[in-house]
Amino acid sequence: MPHDHHHHHHHVGPEAGDARLIGAIAVNMALTVAQVLGGIFSGSLAMIADALHNFSDAISLIIAAVARRIARRPASADMPFGYARAEVVAALVNYTTLIVIGLYLVMEAILRFLSPEPVSGWMVVIIAAVALAVDLVTALLTWSMAKDSVNIRAAFLHNVSDALGSVAVIVAGTLILLFGWTWVDPLVTLLIAGYILWMAFAEIGGVIHILMLGSPPQLAPREVLEEAAQIEGVDGLHKAHLWQIDERNAALQAHLVVREGAWGQADTIKAAVKERMKARFGIAHVVLEMECAHHACAAPQDWGGS
């Protein structure tokens, strides 16, 4: 089944993106301070949970902004693939942070169930409403950038989950005001923590896959070898390595066996394979070690090897 890898997005320019991130960081830092103070004075653990999550939003946006700048640095002798993976590393840091925060909130919520404390509903509702507005503004600032970057997407998801957390805190504050149900506060904290953990575990696998040099998830590796074998003069590829350099770029390295009698066209055959890999699968970085069929590797494996 053919894969179409020519997606068209409305890209946000690097400088415009940086300005949006800086604005988002500033409002989230201010909101974190307001929520922590509100949580302390109102006695609401759910609000402090939301504040911690908001603080992680700000930190994730700082990491994302720094990673974007690093990722633009050109390739060098020390870093021949460039620095694009800085964004993938940043995403890993962000998701790991979310997991730690989620586990901490679960522990705190359980302790609050065991030892309930009074909560001031009005303060909770007002500050959570302000938090929701800020979360939505931040999400809008990063939404268009999130489509093209795993790094920005991690930061964006922080904000979306935080907006949902703010809604939950508003509901909790309202129920405390109307019915005096203080147990709703740690319950909402558990819900926020559960969502944080679910979201982080769902996303972190793809990031680890890239860092572990896994093959691009949108490609069927077998199809790559079969496509190359269909080119005139090619007897097949073996000892292949297909991996994701960063979120947007894949690489292929393999031994290419040239059919007997076609060695005189080896350069043309190599160029044809590279062109097909780029056109069909979007693999621009292709390194091929040429072998004639008569002297090809004996019983080679399709994947891996040197």
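Remember, predicted model here, so these are calculated numbers, not experimental data.

Caption draft 1: Inspection of the environment of Arg73 at higher detail. Note that Arg73 resides in the loop between α2 (45–71) and α3 (86–114). Sequence separation between Arg73 and Ala84 is eleven residues, and the spatial gap between their C-alpha atoms is 8.1 Å.

Caption draft 2: Up close: helix α8 (residues 266–281). Taking 1.5 Å per residue, 16 residues should reach 22 Å; α8 reaches 22 Å between its end C-alpha atoms and fits that length. When α8 is considered as a whole, its buried residues turn out to be Ala266, Ile269, Val273, Met277 and Phe281. End-on view of α8: buried residues confined to an arc of 75°, all on one side of the axis. For α8, exposure combined with an orientation more than 90 degrees from the buried face picks out Asp267, Thr268 and Glu275. Residues of α8 that are buried make contact with α7 (221–229), β1 (234–244), β2 (250–258) and β3 (285–292). Downstream of α8 by one or two residues, Gly282 has phi in the positive range, about 75°.

Caption draft 3: Region of the structure containing the sheet that holds β2. Strands sit in the order β1-β2-β3 across an open sheet of three strands; the sheet is mixed. Each having just a single partner strand, β1 and β3 make up the two edges of the open sheet. Strand-to-strand twist across the sheet, computed as the mean angle between neighbouring axes with direction ignored, equals 15°. Pairing of β2 with β3, which is carried by eight bridges, proceeds in the parallel orientation. Counted as the bridge partner of Ala254 is Leu288 from β3. The strands touched by α7 within the sheet are β1 and β2, with β1 carrying the most contacts at an inclination of about 145°.

Caption draft 4: Examining the packing of α3 against helix α6 (residues 184–211) more closely. Relative to each other, α3 and α6 sit at 155°, their axes nearing to 8 Å. The angle between α3 and α6 places the two elements in the roughly antiparallel class. You can see that α3 and α6 cross each other, and the crossing is left-handed. Considering only residue class, the contact of α3 with α6 consists of 27 nonpolar, three polar and three charged.

Caption draft 5: Fine view of the environment of Ser144. If you trace the backbone, Ser144 turns up in helix α4 (residues 121–146). Classification of Ser144 by relative accessible area gives buried; the value is 16%. Taking the C-alpha atoms as reference points, Ser144 and Phe156, twelve residues apart in sequence, are found 9.7 Å from one another.

Caption draft 6: Fine view of the nonpolar core. If you look at the biggest cluster of nonpolar residues, it comprises 31 residues, and the most contacted ones within it are Met47, Tyr95, Leu98, Leu105, Val169, Val188 and Ile196. Those elements that provide at least two residues to this core are α2, α3, α4, α5 (150–179) and α6. For this core, the element with the highest residue contribution is α6, accounting for eleven residues. Setting aside chain neighbours within four positions, we find Val188 in contact with Ala46, Ala168, Val169 and Ala172. Residues Leu225, Leu237, Val273 and Leu288 belong to the second largest nonpolar core, which totals 23 residues.

Rules used in this analysis
Residues numbered from 1 in each chain as written. Predicted model: local features only at pLDDT ≥ 70, side-chain atom pairs only at ≥ 80, totals over all residues. Heavy atoms only, no water. Helix = DSSP H or I, 4+ residues; strand = E, 2+ residues; numbered from the N terminus. Expected span 1.5 Å × (residues − 1). Buried < 20%, exposed > 50% of the residue type's maximum accessible area, 1.4 Å probe, protein only. Arc of directions from axis to C-beta. Contact = heavy atoms within 4.5 Å. Pairing = 2+ DSSP bridges. Axes fitted to C-alpha atoms, helices over the stretch in contact; angles between N-to-C directions. Parallel < 35°, antiparallel > 145°, perpendicular 65-115°, else oblique. Left-handed = near helix turned anticlockwise from the far one by under 90°. Nonpolar A, V, L, I, M, F, W, Y, C, P; charged D, E, K, R; others polar. Core = buried A, V, L, I, M, F, W, Y, C linked by side-chain atoms within 4.5 Å.

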